[in-house]
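# Examination of the molecular architecture
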Amino acid sequence: MGTETKSNSYTGQISTSGGNPKVMKDSLSLVRQTVNQQSQSNQNQYQNDNDNDNHLNSNSYSNATKNQPETNNSNSEQNSTSLTKESKKIIVPFVPIFVEEADVIQGAKELLKVIRPNWDLAYVEFKSFTDGITNKLVGCFHKPATKLKKDDENDVDTDDKQQEPYVPPIKVEEPPVQEDEEEEFTANGETDGLPLQYSDNVVLVRVYGNKTDLLIDRKAETQNFLLLHTYGLAPSLYATFKNGLVYEYVPGTTLNTESVLCPEIWPLVARRMAEMHRKVRKNVGDIIGGGATAAVATSADTNVDAVKPLPMIWTKTQSFLDLVPERFSDAEKHKRVKGTFLPIGRLREEFNSLYKYLVALDSPIVFSHNDLLLGNVVYTKSMKTVNFIDYEYADYNFQAFDIGNHFAEMCGVDEVDYTRYPKREFQLQWLRVYLEEYLQRTNIQSAEVDWLYVQVNQFALASHIFWTVWSLLQAEHSTIDFDYVGYAFLRYNEYLARKEEFLSLTAAASQKNNK
């Protein structure tokens, strides 16, 4: 749940207000030139690069920094971010702008002047998406249809008007439980081996929250964004700036506690997650599967050393625990947390003990999203597809953690209700669909499903501890109006309530209880 929004649906208040973001004016002309030069070449490059089974065959997605939070990385402030795929490069322009959290709309306008110089800002609507608990998000909707109407009022020649195609007004897709179809931006069509391409008339601007660089490796996040786009699993990344990203709008509706259980939606989520786990590799020859023990081997196909990566849940949790203060700067918050969570060494011991147990389950190591709360799953009803968004925590991790974390997030964030935790029958159906996609076969045995069920629920315990520690860090540093201390207690109390029940699960006992 650590991403930018806990309810990231594409709804919000239209606004044109704004102030003055911090802008390095002398660099913008260079960035504009970079944007114009790369716009067409990148589009062609994506298509050419994905002809080879939609796999990334490159060592450029370095593991060197993936486990280290970055607080002051001068390398990130370059004119572009480059990733090599074989001998080719995807260049994402860097715009030297700092956008103030309190004035995101004006910052978005300055960014559009650089990355969309042909847009007339008079015909751009800005929507601030609601309920951000880590970052700020604003949608920029370019509506040339509005301009056509204005031109008509000014008696522009009819023949000239007909040369410009009409674009229907933007409407947000209704929740999936409703029957009426709504107009929306639609994709050009999804083809095997090609990234999704949506309308160029909408971009999203995300501004990082205060001190979130303590939690998230922003360079790795950018690399993951491009990596997943190469596999057709993420939208386009248009640009980075000093404290955020500009990327492609994915049409649709984010899930909620009701829609995530809909039979037309949850199988899409299960298959999409399995597809990511099955396909994505950060480096040539990365070893996946098995447990967490690091291993080095030589790939016969690549003649390079391949490493079994350490799981994110270990590296990130340890990093977070190191950053939790023994005394919170806010006296009231310190009073609330000290009895349960301080000294922090007690929570570290609890996690380390749990982790030792979980490693023995030998859950496969796969490239995971690691933050599939409901607001990070977008359902596009007209295409009958789901897409995942926000890759701040994406990395190699235990397969069962990614699934167990998603199940825990089904209980909500705005109003957490752990009685919504999915029942065994639903989980078994979900897991069977997942395994059919992940293993690429239909003859899934009941024993396979039941064992994954045990792993997933036990790893859900690790999810609770992880977001507990995350919440404590946010409580100290975030400026967003959200009760992070209260959320830390919610997650930790659920961990304690479920610990004995989940750790006592075995495949044999679980099968017996289902009879």
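Residues numbered from 1 in each chain as written. Predicted model: local features only at pLDDT ≥ 70, side-chain atom pairs only at ≥ 80, totals over all residues. Heavy atoms only, no water.

### Points about the overall build of the protein chain
In plain terms, the rule: By the criteria applied, helices consist of DSSP H or I runs no shorter than four residues and strands consist of E runs no shorter than two, each listed in order from the N terminus. Remark: exposure states derive from per-residue accessible area (1.4 Å probe, protein chains only) relative to the maximum for the residue type, with buried under 20%, exposed over 50%, and partly exposed in between. Contacts are assigned to residue pairs that have any heavy atoms within 4.5 Å of one another. Values of accessible area rely on a 1.4 Å probe in the Shrake-Rupley scheme; residue burial ignores everything except the protein chains shown.
If you tally the helices and strands in the protein chain, you get 14 helices and 17 strands. The burial tally for the protein chain puts 57% of its 515 residues in the buried class. In the protein chain, the share of contacts with a sequence separation of at least 24, taken over all contacts with a separation of at least 6, comes to 76%. Summing over all exposed atoms, the protein chain offers an accessible surface of approximately 21,700 Å²; the carbon and sulfur share of this is 46%.

### Things to note about the environment of Trp470
Inspection of the secondary structure puts Trp470 in helix H12 (residues 446–477). By relative accessible area, Trp470 is classed as buried at 0%. In this structure, the C-alpha to C-alpha distance between Trp470 and Thr317, residues 153 residues apart in sequence, is 8.3 Å.

### Let's talk about the sheet that holds strand E11 (residues 253–254)
As a reminder of what qualifies: Two strands qualify as a pair provided that DSSP identifies no fewer than 2 bridges between them. Comment: axis = line fitted to C-alpha atoms, over the contacting stretch for helices; angle = value between 0 and 180 degrees taken between N-to-C directions.
One open sheet holds the three strands; their spatial order is E11-E15-E16, and the pairing between them is antiparallel. Both outer strands of the open sheet, E11 and strand E16 (385–388), are each paired with one neighbouring strand and no more. Summarising the sheet, strand E15 (residues 377–380) and E16 pair through four bridges and their orientation is antiparallel. Along E16, the bridge assignment pairs Tyr379 with Val386. Across the sheet, helix H6 (residues 266–279) lies against E15 and E16, angled at about 50° from E16, the strand it touches most.

### Things to note about H6
Helical periodicity: at 3.6 residues per turn, an α-helix aligns residues three or four positions apart in one direction. Rule in force here: A helix is expected to span 1.5 Å for every residue after the first.
Here H6 is 14 residues long and its end C-alpha atoms lie 20 Å apart, about the 20 Å a rise of 1.5 Å per residue gives. Most of H6 sits inside the fold, with 11 of its 14 residues counted as buried. Among the residues making up H6, those that are buried are Trp266, Pro267, Val269, Ala270, Arg272, Met273, Ala274, Glu275, Met276, His277 and Lys279. Buried residues in H6 make contact with helix H5 (218–230), strand E14 (365–368), E15, E16, helix H10 (399–409) and helix H11 (424–439).

### Digging into the pattern of salt bridges
Defined as follows: Salt bridge, as applied in this entry: a Lys or Arg side-chain nitrogen positioned within 4 Å of an Asp or Glu carboxyl oxygen.
Under the definition given, this model contains 18 salt bridges. The closest approach of N and O atoms between Glu221 and Arg206, which form a salt bridge, is 1.9 Å. Placement of the pair is Glu221 in helix H5 and Arg206 in strand E8 (residues 202–207), with a sequence separation of 15 residues. Across the pair Arg498 and Glu501 runs a salt bridge, and its minimum N-O distance is 3.4 Å. Placement of both Arg498 and Glu501 in helix H13 (residues 484–503) is noted, with a separation of three residues, approximately one turn of the helix. The class of Arg498 is buried, set by a relative accessible area of 17%. We classify Glu501 as partly exposed; its relative accessible area is 42%. Several salt bridges share partner residues, and in doing so they unite Arg206, Arg218, Glu221, Asp390 and Glu392 into one network.

### Some thoughts on unusual backbone geometry
Along the chain, Leu342 connects to Pro343 via a cis peptide bond; the corresponding omega equals 0°. Positionally, Pro343 belongs in the loop between helix H8 (331–341) and helix H9 (345–359).

### Some points on the nonpolar core
For clarity, the threshold we go by: By nonpolar core we mean a set of buried residues, namely Ala, Val, Leu, Ile, Met, Phe, Trp, Tyr and Cys, connected to one another through side-chain atoms within 4.5 Å.
In this structure, Tyr393, Ile403, Trp430, Leu431, Tyr434 and Leu472 are the most contacted members of the largest nonpolar core, which totals 110 residues. Excluding residues that lie within four positions of it along the chain, Tyr434 makes contacts with Ala270, Met273, Ala274, His277, Gln399, Ile403 and Leu452. In this structure, Phe126, Val138, Val203 and Val205 belong to the second largest nonpolar core, which totals 22 residues.

### Digging into the packing of aromatic side chains
Describing an aromatic ring pair means giving the distance of the ring centres and the angle of the ring planes. For clarity, the cut-off: Note on aromatic pairs: the rings of Phe, Tyr and Trp (six-membered ring only in Trp) are paired at centre separations within 6.5 Å, and the planes decide the class, stacked below 30 degrees, edge-to-face beyond 60, tilted for the rest. In this analysis the charged atom, NZ for Lys or CZ for Arg, is taken to sit over a ring once it is within 6 Å of the ring centre and within 35 degrees of the ring normal.
Summed over all chains, the structure comprises 26 aromatic pairs. Geometrically, the ring pair formed by Trp314 and Phe351 is stacked, given 6.2 Å between the ring centres and 25° between the ring planes. With Trp314 in helix H7 (residues 312–323) and Phe351 in helix H9, this residue pair connects regions lying 37 residues apart in the sequence. Overall, Trp314 belongs to the partly exposed group, its relative accessible area being 27%. By relative accessible area, Phe351 is classed as buried at 1%. Summarising the aromatic geometry, the rings of Tyr434 and Tyr438 are spaced 5.6 Å apart at their centres and angled 15° between planes, so their arrangement reads as stacked. Taken as a pair, Tyr434 and Tyr438 lie in helix H11 at a separation of four residues, close to a single helical turn. Grouping aromatic residues by their ring pairs yields a cluster made of Phe320, Tyr393, Phe401, Phe466, Trp467, Trp470, Phe482, Tyr484 and Tyr487. Seen from the ring of Phe141, Lys127 lies directly overhead, with NZ or CZ sitting 5.0 Å from the centre. Taking the ring centre of Tyr208 as reference, the NZ or CZ of Arg218 above it sits at 3.5 Å.

### Regarding the side chain of Glu110
How we decide: N or O atoms closer than or at 3.5 Å make up a polar contact, with two conditions inside protein: a donor-capable atom paired with an acceptor-capable one, and, for residues adjacent in sequence, both atoms drawn from side chains.
Inspection of the secondary structure puts Glu110 in helix H2 (residues 104–115). Overall, Glu110 belongs to the buried group, its relative accessible area being 8%. At 3.2 Å, the side chain of Glu110 and the side chain of Lys113 are in polar contact.

### Some words on the packing of H9 against H13
Applied cut-off: For classification purposes, angles smaller than 35 degrees are called roughly parallel, those larger than 145 roughly antiparallel, those between 65 and 115 roughly perpendicular, and all remaining angles oblique. Handedness of a helix crossing follows the sense of rotation of the near helix relative to the far helix, less than a right angle counterclockwise being left-handed and clockwise being right-handed. Under the scheme applied, nonpolar residues are Ala, Val, Leu, Ile, Met, Phe, Trp, Tyr, Cys and Pro; charged residues are Asp, Glu, Lys and Arg; polar residues are all the others, including Gly.
H13 packs onto H9 with a crossing angle of 30° between their chain directions and a minimal axis gap of 14 Å. Considering the angle they form, H9 stands roughly parallel to H13. In this structure, H9 meets H13 at a crossing whose hand is left-handed. Contact residues: H9 offers Leu347, Glu350, Leu354 and Tyr357, while H13 offers Tyr492, Tyr495, Lys499 and Leu503. Split into classes, the residues belonging to the contact of H9 with H13 amount to six nonpolar, no polar and two charged.

### Side note on the packing of H11 against H12
Remark: H11 packs on H12, axes separated minimally by 9 Å, with the N-to-C direction vectors making an angle of 110°. Compared by their axis directions, H11 and H12 come out roughly perpendicular. Crossing of H11 against H12: the hand is right-handed. Every residue of H12 that contacts H11 at Arg424, Gln427, Leu428, Leu431, Arg432, Tyr434, Leu435 and Leu439 is listed here: Ser446, Glu448, Val449, Asp450, Leu452, Tyr453, Val456 and Asn457. Within the contact of H11 with H12, the residues separate by chemical class into nine nonpolar, three polar and four charged.

Note that all results are geometric; they support no functional claim without further evidence.
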